[in-house]
Amino acid sequence: EDVPAGYRRTIEKVLGQLIHNAIRHGVETPTDRVVHDKPETGTVAVQFQRAGNDGYQLSVQDDGRGLDHDRIRAEAVRQGVLTAEDAATIDARKLAGLIFRPGFTTVGEGGARGIGMDVVRELVSKAGGRVGIATKPGEYTRFRITLPHEKKASDAAVA
């Protein structure tokens, strides 16, 4: 109910993908979590709030394994997005940004996919916002989406 009406469909679609990814890629199995001294049950925290002059902020954070940089690196090389040499030296922030490329996934062939992180970035962009990502291997992944006070794009573009 805190989400402005003009953003509801966009937030619904974005949350669907981010929560899907947190469960599929982030939060470990109960057995793996215990091995890593974590509670058996993982957590995905969602927060939506006014963000002062920035407008609104949506944060989705899991307490899972963090982004798998090695897997992203390998997939980027496999898809021809990076050379092996570039993959070995790419900055972690730029590497994480690759998950927003159209068609990019670390899920093998035939795996169930959501709408894709490229669509998340596109939806947020159409709404005049931006997406940030922070991750720490073995601890968490957090997506922070900032949206302006006034919606700049029509929600019809999301339908």
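Procedures and definitions
- Residues numbered from 1 in each chain as written.
- Predicted model: local features only at pLDDT ≥ 70, side-chain atom pairs only at ≥ 80, totals over all residues.
- Heavy atoms only, no water.
- Helix = DSSP H or I, 4+ residues; strand = E, 2+ residues; numbered from the N terminus.
- Buried < 20%, exposed > 50% of the residue type's maximum accessible area, 1.4 Å probe, protein only.
- Contact = heavy atoms within 4.5 Å.
- Areas by Shrake-Rupley, 256 points an atom, 1.4 Å probe, with all protein chains shown as cover.
- pLDDT = per-residue confidence, 0-100.
- Pairing = 2+ DSSP bridges.
- Axes fitted to C-alpha atoms, helices over the stretch in contact; angles between N-to-C directions.
- Phe/Tyr/Trp six-rings, centres within 6.5 Å; stacked < 30°, edge-to-face > 60°.
- Lys NZ or Arg CZ within 6 Å of the ring centre and 35° of its normal.

What about the overall build of the chain?
Part 1 of the reasoning: Summing up its helical and strand segments, the chain has 6 helices and 4 strands in all.
Part 2 of the reasoning: For the chain, the sequential pattern of α-helices and β-strands runs α-α-β-β-α-α-α-α-β-β.
Part 3 of the reasoning: Out of the 159 residues in the chain, the part that is buried amounts to 37%.
Part 4 of the reasoning: Of the contacts made within the chain by residues no fewer than 6 positions apart, 63% connect residues no fewer than 24 positions apart.
Part 5 of the reasoning: Surface exposure of the chain reaches about 9100 Å², of which carbon and sulfur atoms provide 49%.

A look at the confidence of the model for the chain
Part 1 of the reasoning: Scored by pLDDT, the chain has a mean of 88; 89% of the residues are at 70 or more.
Part 2 of the reasoning: Ignoring residues within four places in sequence, the model shows residues 151-156, a span with pLDDT below 50, making 12 contacts including any to other chains.

As for unusual backbone geometry
A negative phi angle characterises most non-glycine residues, just as the trans form characterises most peptide bonds.
Part 1 of the reasoning: A positive phi is found at Asp37, a non-glycine position, where the angle reads about 55 degrees.
Part 2 of the reasoning: Checked against the element boundaries, Asp37 lands in the loop between helix 2 (30-35) and strand 1 (44-50).
Part 3 of the reasoning: On the basis of relative accessibility, which here comes to 74%, the residue Asp37 falls in the exposed class.

Side note on the sheet that holds strand 2 (residues 56-62)
Part 1 of the reasoning: An order of 1-2-4-3 is seen for the 4 strands of this open sheet, with the pairing classed as antiparallel. This sheet does not close on itself; its edge strands, each paired only once, are strand 1 and strand 3 (130-136). The sheet shows a mean angle of 10 degrees between the axes of neighbouring strands, taken without regard to direction.
Part 2 of the reasoning: With 7 bridges joining them, strand 3 and strand 4 (residues 140-147) adopt antiparallel strand pairing. The partner of Gly132 across the bridge, within strand 4, is Arg144.

Some details on the pairing of strand 1
Consecutive side chains along a regular strand alternate between the two faces of the sheet.
Part 1 of the reasoning: Pairing analysis gives 7 bridges linking strand 1 to strand 2, with the strands arranged antiparallel. Paired with Val46 across the strands is Val60, a residue of strand 2.

Digging into the packing of aromatic side chains
Part 1 of the reasoning: Applying the stated criterion to the full structure yields 3 aromatic pairs.
Part 2 of the reasoning: Measuring from centroid to centroid gives 6.4 Å for Phe100 and Phe143, while their planes differ by 85 degrees, and the two rings are edge-to-face. One end of the pair, Phe100, is in the loop between helix 5 (92-97) and helix 6 (117-126); the other, Phe143, is in strand 4, and 43 residues separate them in sequence.
Part 3 of the reasoning: Among the residues examined, Phe143 registers a relative accessible area of 7% and is labelled buried.
Part 4 of the reasoning: Above the face of the Phe100 ring, Arg121 is positioned so that its terminal group lies 4.0 Å from the ring centre.

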